[in-house]
Amino acid sequence: MSDTLTKASTTITNKAIDVVIIGASASGLMCAIEAGKRGRKVVVIDHSNKAGKKILMSGGGRCNFTNYNIDAENFISHNPLFCKSAISRYTQWDFIALVNDYKIPFHERKHGQLFCDDSAKDILTMLLSECAHAGVQIKLKCDVHGIQKTANEQFSIETSAGLLHCQSLVIATGGLSIPKMGATPFGYNLAKQFGHKVLATSAALVPLTLQNNDKAWLADLSGIAVDAVVSSHSISFRENILLTHRGLSGPAILQISSYWKAGEPININLLPDIDIESFLKNRQNEQPKTHLKTALAEHLPKRLVAALLDEDLLDKALQSISHQRFNEVAERLHQWQIKPNGTEGYRTAEVTLGGVDCDELSSQTMQSKKTDGLYFIGEVVDVTGWLGGYNFQWAWSSGWCAGQVV
Ligand SMILES: Cc1cc2nc3c(=O)[nH]c(=O)nc-3n(C[C@H](O)[C@H](O)[C@H](O)COP(=O)(O)OP(=O)(O)OC[C@H]3O[C@@H](n4cnc5c(N)ncnc54)[C@H](O)[C@@H]3O)c2cc1C
């Protein structure tokens, strides 16, 4: 690993460059590999001291690198059909074949998500060795000071490592999440410089924070995780929710955060597998002396139930509770509505919603419709995947498509 990274830091050689890719991570490295295999002279530059930092930190260090089920429906974009071409040309099966070529052990988790058995390093090492085989130069700790298109249809890129000229320029600088890992608005600014529309960006796949009044009564529940269905508008996700000292997290909350709009409530069904009203009515017949809290504890953590329902009611025996009250209990537990205060923002978000408007890019090649030779790939584009390996698949697919033509 360290060998590959050291090689990645060598200075840019002076031979003619065909393609410059800015951003040495998922999408940029995939594009570089493909262009390099076609015999193009490729230089990848990144201001960071290491390639693929987000790959290394992804999936809790095990990189959820793709998903067995990839479909346009798993992506959010102002133009929902844009991603179709790329994800059908370079599919999850293509990436899995590459992972298998490198004999990287992996496993499937819930909902078709594929993770490395050992470490996300395996994926980065694979990409860097493919780059090395394809003759790609990677220059790290390299800042870009300015980019112009010259009269002879070349791009001239002023960098801390000198002036570079190329025919094709690929922007693979990602979104705004985790600034500490090197995220910058570079790609958006460059898009605007070349006349592109950039759709409003916001943090996504991110924990939600609570209003002060909700924080107070939920504070003691930190650490509780429940399998739930979380909904906003017409979209729902079934997964765990996790109560934390800052608010709501867990996979179902991260998923819904990509759809949630400020000021709106989210709905949480804490008991997706049972009809709690019928359960309570049956239990009332069979064991009338059982207390409500004891009956509910069969399905939900006691502390959560105690926080959500009235204490006096919970202490009552089922025989003394009306069916109307059971109905109210069911409504609270099946349709718990809570209005988040906001999100934790880019500090902890996995991805950025919005970005370079895909209507101004070719869906086949990712080339700008405004400037020949300019390409945008990966997260910088207004295509955001669900949690579950979709964002990497978009990076691989869009990078691969551009790599065929740059
Ligand atoms: C904590 C975390 C976990 C994640 N886990 C998963 C997961 O398991 N599965 C999944 O599918 N997705 C996951 N994601 C999302 C995924 O990492 C991204 O969607 C993906 O990395 C996007 O790839 P990219 O190449 O477009 O951009 P990035 O990976 O963000 O790479 C952009 C590169 O550009 C460089 N750069 C930025 N600005 C400049 C500049 N001004 N000059 C030079 N270089 C610059 C950066 O240093 C970086 O190397 C996770 C994200 C986070 C934050």
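Here the structure is shown first, and the text comes after it.
## What about the site of the ligand?
Around the ligand there are 29 residues in total, and Ser25, Asp46, Thr184, Glu379 and Phe392 lie nearest to it. In the model, an oxygen atom of the ligand is placed 2.7 Å from a nitrogen or oxygen of the Ser25 side chain. Contacts to the ligand include Asp46, whose side-chain N or O atom sits 2.5 Å from an oxygen atom. Look at the ligand: alone it shows 1,000 Å² of surface, and the protein chains cover 93% of it. Of all elements in the fold, only helix H2 (26–37), helix H3 (53–57) and helix H15 (390–403) reach the threshold of two or more residues within the shell around the ligand. When residues in the shell around the ligand are grouped by element, the largest group, three residues, is from H15.

## A word on the environment of Ala330
Summarising the element assignment, Ala330 is placed in helix H14 (residues 323–334). For Ala330, a relative accessible area of 5% corresponds to the buried category. For the pair Ala330 and Gly342, spaced twelve residues apart in the sequence, the C-alpha separation amounts to 27 Å. Those residues in contact with Ala330 that lie beyond four places of it in its chain are Ile276, Glu277 and Gln335.

## Examining unusual backbone geometry
We note that Glu153 has phi near 65 degrees; this positive angle belongs to a residue other than glycine. Along the chain, Glu153 falls in the loop between strand E8 (144–149) and strand E9 (155–159). Overall, Glu153 belongs to the partly exposed group, its relative accessible area being 48%. Although it is not a glycine, Met366 sits at a positive phi angle of roughly 75 degrees. Secondary-structure assignment places Met366 in the loop between strand E20 (351–356) and strand E21 (374–376). Exposure remark for Met366: the relative accessible area of 0% places this residue in the buried category.

## Regarding the nonpolar core
Core analysis: the largest hydrophobic core is formed by 133 residues, its most contacted members being Ile123, Leu169 and Trp396. Here the element with the most residues in this core is H15; it accounts for eight residues.

## Notes on the packing of aromatic side chains
Between two aromatic rings, the relevant description is the distance of the centres plus the angle of the planes. Applying the stated criterion across every chain yields a total of 13 aromatic pairs. By way of ring pairs, the aromatic residues Phe65, Phe95, Phe106, Phe392 and Trp396 are connected into one cluster. Stacked on the ring of Phe115, the Lys or Arg Arg109 has its end atom at 3.7 Å from the ring centre.

## What to know about the side chain of Gln113
The topology assignment puts Gln113 in strand E6 (residues 113–116). A residue is classified by how much of its surface remains accessible, and Gln113, at 12% relative accessible area, is buried. Not counting residues within four places of it along the chain, the set of residues in contact with Gln113 comprises Asn64, Thr66, Asn67, His107, Glu108 and Gly388.

## Looking at the packing of helix H10 (residues 276–286) against H14
The relative placement of two packed helices comes down to the angle between their axes together with the axis-to-axis distance. Where H10 meets H14, the axes come as close as 8 Å, and the angle between the chain directions of the two elements is 140 degrees. H10 and H14 meet at a crossing whose hand is right-handed. On the side of H10, the interface is formed by Ile276, Glu277, Leu280, Lys281 and Gln284, while H14 contributes His323, Phe326, Asn327, Val329, Ala330 and His334. For the contact of H10 with H14, the class distribution of residues is five nonpolar, four polar and two charged.

## Overview of the environment of Arg40
Considering the arrangement of structural elements, one finds Arg40 in the loop between H2 and strand E2 (42–45). With 322 residues separating them in the primary sequence, Arg40 and Ser362 have C-alpha atoms 21 Å apart. When residues no more than four places from it in sequence are discounted, the contact partners of Arg40 are Asp18, Val19, Ala35, Gln167, Ser168 and Val406.

## Observations regarding the side chain of Thr173
The residue Thr173 is located in the loop between strand E11 (168–171) and helix H7 (186–193) in this model. By relative accessible area, which is 18% here, Thr173 ends up buried. At 3.3 Å, the side chain of Thr173 forms a polar contact with the backbone nitrogen of Gly187. Excluding anything up to four places from it in sequence, Thr173 contacts Ile22, Gly23, Thr184, Phe186, Gly187 and Val380.

## Topic: the sheet that holds strand E14 (residues 225–232)
Taken together, the seven strands give an open sheet; going across it, the order is E18-E17-E14-E15-E16-E13-E19, and neighbouring strands pair in antiparallel fashion. A single partner strand is all that each edge strand has here, and the edge strands are strand E18 (336–338) and strand E19 (340–343). When strand polarity is set aside, the average angle formed by the axes of neighbouring strands in this sheet is 40 degrees. Both E14 and strand E17 (residues 266–269) contribute to a ladder of three bridges, which runs antiparallel. The residue of E17 that forms the bridge with Val229 is Asn269. Across the sheet, H14 is in contact with E17 and E18; its angle to E17 comes to roughly 115 degrees.

## Things to note about the pattern of salt bridges
Tallied over the entire structure, the rule returns 13 salt bridges. Between Glu277 and Lys281 there is a salt bridge, with the nearest N and O atoms lying 3.5 Å from each other. Of this pair, Glu277 and Lys281 both sit in helix H10, four residues apart, which is roughly one turn of that helix. Several salt bridges share partner residues, and in doing so they unite Asp227, Arg238 and Asp273 into one network.

Parameters at a glance
- Residues numbered from 1 in each chain as written.
- Predicted model: local features only at pLDDT ≥ 70, side-chain atom pairs only at ≥ 80, totals over all residues.
- Heavy atoms only, no water.
- Near = heavy atom within 4 Å.
- Polar contact = N/O pair within 3.5 Å; in protein donor to acceptor, adjacent residues only side chain to side chain.
- Areas by Shrake-Rupley, 256 points an atom, 1.4 Å probe, with all protein chains shown as cover.
- Helix = DSSP H or I, 4+ residues; strand = E, 2+ residues; numbered from the N terminus.
- Buried < 20%, exposed > 50% of the residue type's maximum accessible area, 1.4 Å probe, protein only.
- Contact = heavy atoms within 4.5 Å.
- Core = buried A, V, L, I, M, F, W, Y, C linked by side-chain atoms within 4.5 Å.
- Phe/Tyr/Trp six-rings, centres within 6.5 Å; stacked < 30°, edge-to-face > 60°.
- Lys NZ or Arg CZ within 6 Å of the ring centre and 35° of its normal.
- Axes fitted to C-alpha atoms, helices over the stretch in contact; angles between N-to-C directions.
- Left-handed = near helix turned anticlockwise from the far one by under 90°.
- Nonpolar A, V, L, I, M, F, W, Y, C, P; charged D, E, K, R; others polar.
- Pairing = 2+ DSSP bridges.
- Salt bridge = Lys/Arg side-chain N within 4 Å of Asp/Glu carboxyl O.

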